[in-house]
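# Fold and contact review
So the chains spell out like this:
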Amino acid sequence: MTDSKYFTTTKKGEIFELKAELNSDKKEKKKEAVKKVIASMTVGKDVSALFPDVVNCMQTDNLELKKLVYLYLMNYAKSQPDMAIMAVNTFVKDCEDPNPLIRALAVRTMGCIRVDKITEYLCEPLRKCLKDEDPYVRKTAAVCVAKLHDINAQLVEDQGFLDTLKDLISDSNPMVVANAVAALSEIAESHPSSNLLDLNPQSINKLLTALNECTEWGQIFILDCLANYMPKDDREAQSICERVTPRLSHANSAVVLSAVKVLMKFMEMLSKDLDYYGTLLKKLAPPLVTLLSAEPELQYVALRNINLIVQKRPEILKHEMKVFFVKYNDPIYVKLEKLDIMIRLASQANIAQVLAELKEYATEVDVDFVRKAVRAIGRCAIKVEQSAERCVSTLLDLIQTKVNYVVQEAIVVIKDIFRKYPNKYESVIATLCENLDSLDEPEARAAMIWIVGEYAERIDNADELLESFLEGFHDESTQLQLLTAIVKLFLKKPTETQELVQQVLSLATQDSDNPDLRDRGYIYWRLLSTDPVAAKEVVLAEKPLISEETDLIEPTLLDELICYIGTLASVYHKPPSAFVEGGRGVVHKSLPPRTASSESAESPETAPTGAPPGEQPDVIPAQGDLLGDLLNLDLGPPVSGPPLATSSVQMGAVDLLGGGLDSLIGGTNFVAPPTAAVPANLGAPIGSGLSDLFDLTSGVGTLSGSYVAPKAVWLPAMKAKGLEISGTFTRQVGSISMDLQLTNKALQVMTDFAIQFNRNSFGLAPAAPLQVHAPLSPNQTVEISLPLSTVGSVMKMEPLNNLQVAVKNNIDVFYFSTLYPLHILFVEDGKMDRQMFLATWKDIPNENEAQFQIRDCPLNAEAASSKLQSSNIFTVAKRNVEGQDMLYQSLKLTNGIWVLAELRIQPGNPSCTLSLKCRAPEVSQHVYQAYETILKN
């Protein structure tokens with residue numbers, strides 16, 4: 001008889017009877033009773049009253065009964081925490097049972113009972129199980145640590161379980177290794193700042209050894225962990241790739257995709273000239289093709305991942321076009337995805353095949369699919385120039401079918417073909433005009449209106465055609481297009497169309513409620529009435545050719561998504577921060593920088609080490625840097641004075657980026673990039689705020705103040721999803737500011753700006769929030785002066801004047817670093833008196849003296865002295881020795897360090913000698929650079 005009998009009871013006094021049975025002396029009766037209790041619990045009855053009686057049944061050798069009791073415990077421990085403590089002794093005893101299955105069962109159940117009171121009792125048994133001689137117990141205990149960490153993270157850290165977990169990575173049993181990696185990855189996700197998975201070549205070797213022997217899910221954990229590792233050079237990357245490649249032939253598609261992710265990442269570091277690189281490309285194709293023979297849902301996931309792979313490295317699947325041909329029984333979502341990949345792979349070699357296939361699809365019954373197929377023919381024409389003619393004739397054949405939606409879609413793509421190949425295929429316009437009456441979709445009507453306006457001089461009855469559209473102008477969703485087309489027509493045939501243009505302009509300006517339409521109408525009206533020649537230049541200007549691929553994923557986002565192959569992000573084509581709520585577990589990842597040998601035009605991610613001085617060093621968070629989900633922070637500006645109530649959170653002077661930038665950037669995982677010399681071009685001052693409005697700084701400040709370098713680009717738009725940041729540093733009347741110029745080169749509005757600095761050598765920090773008062777629209781530039789203080793956290797940087805900055809907006813958080821010129825830190829009270837100067841010079845040991853040559857500086861002593869004084873380098877004394885002018889100078893940094901200088905100038909000699917003495921000799925080099933910058937500008 002089956003266990004279904006336990007679910008059929010309808011007795012009234014059930015609980016009382018079960019209680020009696022649970023306390024029976026007969027083992028079989030006890031077991032039956034526990035089964036009945038579990039059955040009642042499963043169907044949702046409350047059997048918590050039986051807690052003490054069920055717990056008494058734990059003292060048994062019968063494994064089946066023990067499992068049932070443990071199941072009951074897990075369910076009710078939360079609602080009966082005081083009772084659950086009664087079970088602790090049995091757990092502790094079971095953890096020392098001779099049977100490893102019971103030991104593992106006990107430790108697994110302990111991890112599932114999420115009651116704070118019990119957790120401290122679990123530490124001792126868990127510690128024993130982590131060092132158990134049986135690997136089954138050890139692997140169960142490893143997962144238990146992650147569960148315990150979720151309940152009480154502090155306890156796990158204090159008890160040293162994390163170190164034990166790290167030791168398990170070196171375990172002899174591959175399953176224990178896999179579970180240890182899984183547990184550490186889980187913990188690391190919830191604590192992005194911790195560097196738990198401290199991967200090095202030795203531990204990577206152990207993981208690769210375990211990879212061959214553990215279960216498929218264990219392999220996935222290990223592969224995902226490998227993907228977070230940053231090999232030190234291309235040789236190490238190649239050796240890891242060689243050992244991961246066999247996983248491509250695994251039966252489980254998740255293992256295959258995880259292996260593909262590791263290989264795609266590490267290929268970044270391999271030179272394209274290597275034989276191995278070519279071999280790897282060949283090996284990647286078959287497993288991806290095999291994934292397409294699975295059921296449709298898996299095919300879809302595979303296709304979404306392949307879409308990313310093809311955008312990054314089309315050469316992998318360039319010979320596999322046929323597998324993406326659509327089958328008659330494919331679901332629509334698979335068909336559309338295959339179509340997308342076909343176009344990405346289309347090239348001169350396979351275009352004939354592709355076009356024949358697409359023409360076939362255009363006669364299918366599914367409307368969405370047909371539309372996409374027609375659009376695909378147009379995209380092929382734009383992508384492969386040699387095929388344009390065949391594509392156009394194919395589209396004309398489709399227009400002859402007179403199927404409404406096919407005709408409309410064809411007209412939309414032909415408009416794009418005209419834009420790509422001007423003056424080549426205009427002979428087809430007559431055919432298009434025949435189908436005017438059937439157009440009822442806004443996009444197709446707009447395309448047709450554009451064609452008529454653009455080629456009005458070739459269409460005899462262009463005015464009649466446009467007039468026919470004008471009749472229903474108020475219901476027309478293509479009013480803007482129609483207005484522009486009629487103005488174009490007027491500029492080409494002014495005598496015949498004067499009435500038409502007046503009609504459309506008065507409709508647009510007087511009868512319309514649409515502000516965009518009115519504005520455009522007024523602009524055209526004024527242009528035409530004041531300067532017809534200018535109007536012609538504006539309206540009939542040369543149009544830029546359209547690009548081949550308009551729907552490619554932006555390169556920075558693509559690189560991030562490649563790091564998420566095989567996860568939900570690769571199906572959505574969005575980074576996790578876009579769909580994971582809250583900050584937990586979201587890691588911003590990026591591909592490793594290309595090695596010098598494989599540096600190529602298509603991968604400008606990192607500058608080579610010897611970057612010229614004009615290039616800014618950049619900050620690239622390391623692969624393992626678990627940044628957390630910074631995007632979801634509701635970053636209002638830090639408020640001084642009473643905090644402003646915002647709709648979501650009340651924000652005081654809040655730590656903008658959660659864990660603080662020091663944990664993000666200065667952490668052990670941080671990979672500092674190659675840094676350059678101080679750029680000579682650091683920026684011009686921009687006044688900000690009221691003081692500037694009323695010109696309160698006139699006569700002081702920069703006019704007589706320290707030298708300000710011109711602005712330099714600190715964060716190029718391609719690295720910051722369209723946000724470009726240029727800037728410089730200024731010092732005016734004792735206050736330092738960072739003058740920024742923010743330019744939006746993206747297609748969306750940017751808002752919610754905030755800024756934070758990492759700890760740095762002189763404690764520079766923003767003294768106020770980053771105030772961008774209005775949203776930054778596309779192609780708009782705004783200039784901001786950000787006041788800085790020197791009371792922030794201090795950490796010695798390399799080089800000393802390196803400043804690492806994070807800027808956040810509504811799109812993402814971006815990082816860059818820049819070098820500030822040291823003279824912005826020279827304070828106004830830096831003049832020593834003579835006696836003090838002499839005593840200090842003698843007091844500083846000679847080994848602290850550094851000497852430098854400043855070349856090409858043809859200034860006399862007077863000019864040099866006054867130039868330096870405006871940047872707070874003060875001349876204490878001056879004398880002439882053997883025809884040489886000697887200037888003795890002092891300056892003081894914001895942190896109280898004094899620097900003494902002797903500047904020797906030989907009249908007529910363009911070079912001068914600078915000797916510097918300081919108790920902190922590491923600043924001398926930067927002070928010399930400041931001298932050189934000030935004297936030469």
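For the structure, see preceding data.
Read on for a plain summary of the structure.

The rules we used
- Residues numbered from 1 in each chain as written.
- Predicted model: local features only at pLDDT ≥ 70, side-chain atom pairs only at ≥ 80, totals over all residues.
- Heavy atoms only, no water.
- Helix = DSSP H or I, 4+ residues; strand = E, 2+ residues; numbered from the N terminus.
- Buried < 20%, exposed > 50% of the residue type's maximum accessible area, 1.4 Å probe, protein only.
- Contact = heavy atoms within 4.5 Å.
- Areas by Shrake-Rupley, 256 points an atom, 1.4 Å probe, with all protein chains shown as cover.
- Phe/Tyr/Trp six-rings, centres within 6.5 Å; stacked < 30°, edge-to-face > 60°.
- Lys NZ or Arg CZ within 6 Å of the ring centre and 35° of its normal.
- Pairing = 2+ DSSP bridges.
- Axes fitted to C-alpha atoms, helices over the stretch in contact; angles between N-to-C directions.
- Parallel < 35°, antiparallel > 145°, perpendicular 65-115°, else oblique.
- Left-handed = near helix turned anticlockwise from the far one by under 90°.
- Nonpolar A, V, L, I, M, F, W, Y, C, P; charged D, E, K, R; others polar.

Counting its regular elements, the chain contains 37 helices and 13 strands. When each of the 937 residues of the chain is scored for burial, the buried share is 52%. Within the chain, residue pairs in contact and separated by at least 24 positions form 68% of the contacts whose partners lie at least 6 positions apart. For the chain, the exposed area adds up to about 42,300 Å²; of that, 52% sits on carbon and sulfur atoms.

Any two aromatic rings considered together are summarised by their centre-to-centre distance and by the angle between their planes. According to the stated counting rule, one finds 13 aromatic pairs in the structure shown. Ring geometry for Tyr300 and Tyr333: centres 5.5 Å apart, planes at 90°, overall edge-to-face. Of this pair, Tyr300 sits in helix H18 (residues 296-312) while Tyr333 sits in helix H19 (residues 332-345), placing them 33 residues apart in sequence. A relative accessible area of 24% means that Tyr300 is categorised as partly exposed. With a centroid separation of 4.8 Å and 85° between ring planes, the pair formed by Tyr572 and Phe579 is classed as edge-to-face. Phe579 gets classed as partly exposed once you look at its relative accessible area, which sits at 28%. Through successive ring pairs, a cluster of aromatic residues spans Trp714, Phe729, Phe762, Phe816 and Tyr820. Against the face of Phe369 rests Lys335, its NZ or CZ located 5.2 Å from the ring centre.

The strand order across the open sheet formed by five strands is S9-S13-S12-S11-S10, and the pairing between neighbours is antiparallel. Here the strands that pair on one side only, and so sit at the sheet edges, are strand S9 (849-854) and strand S10 (874-881). Looking at each pair of strands side by side, their axes are set apart by 20° on average, direction ignored. Where S9 lies against strand S13 (residues 912-918), six bridges are found, and the strand directions are antiparallel. Each residue of the ladder has a partner; that of Glu849, found in S13, is Lys917.

The next thing to look at is the packing of helix H26 (residues 462-470) against helix H27 (residues 479-492). Where H26 meets H27, the axes come as close as 11 Å, and the angle between the chain directions of the two elements is 155°. For the element pair H26 / H27, the angle class is roughly antiparallel. The crossing of H26 and H27 is left-handed. Residues Ala462, Asp463, Leu466, Phe469 and Leu470 of H26 form the contact with H27, whose participating residues are Leu482, Ala485, Ile486 and Leu489. Across the contact of H26 with H27, the residue classes tally to eight nonpolar, no polar and one charged.

Moving on, we come to the pairing of strand S3 (residues 735-744). Counting buried residues in S3 gives eight out of ten residues, a clear majority hidden from the surface. Note: strand S2 (residues 723-732) against S3, ten bridges, orientation antiparallel. Considered in S3, the bridge of Leu723 is made with Asn744. Taken together, S2 and the strand that follows it, S3, pair antiparallel across an intervening segment of two residues, in which Val733 is found at a positive phi of about 40°. Examined bridge by bridge, S3 and strand S6 (residues 781-789) share eight bridges and lie antiparallel to one another. Within S6, the position partnered with Asp739 by the bridge is Ser785.

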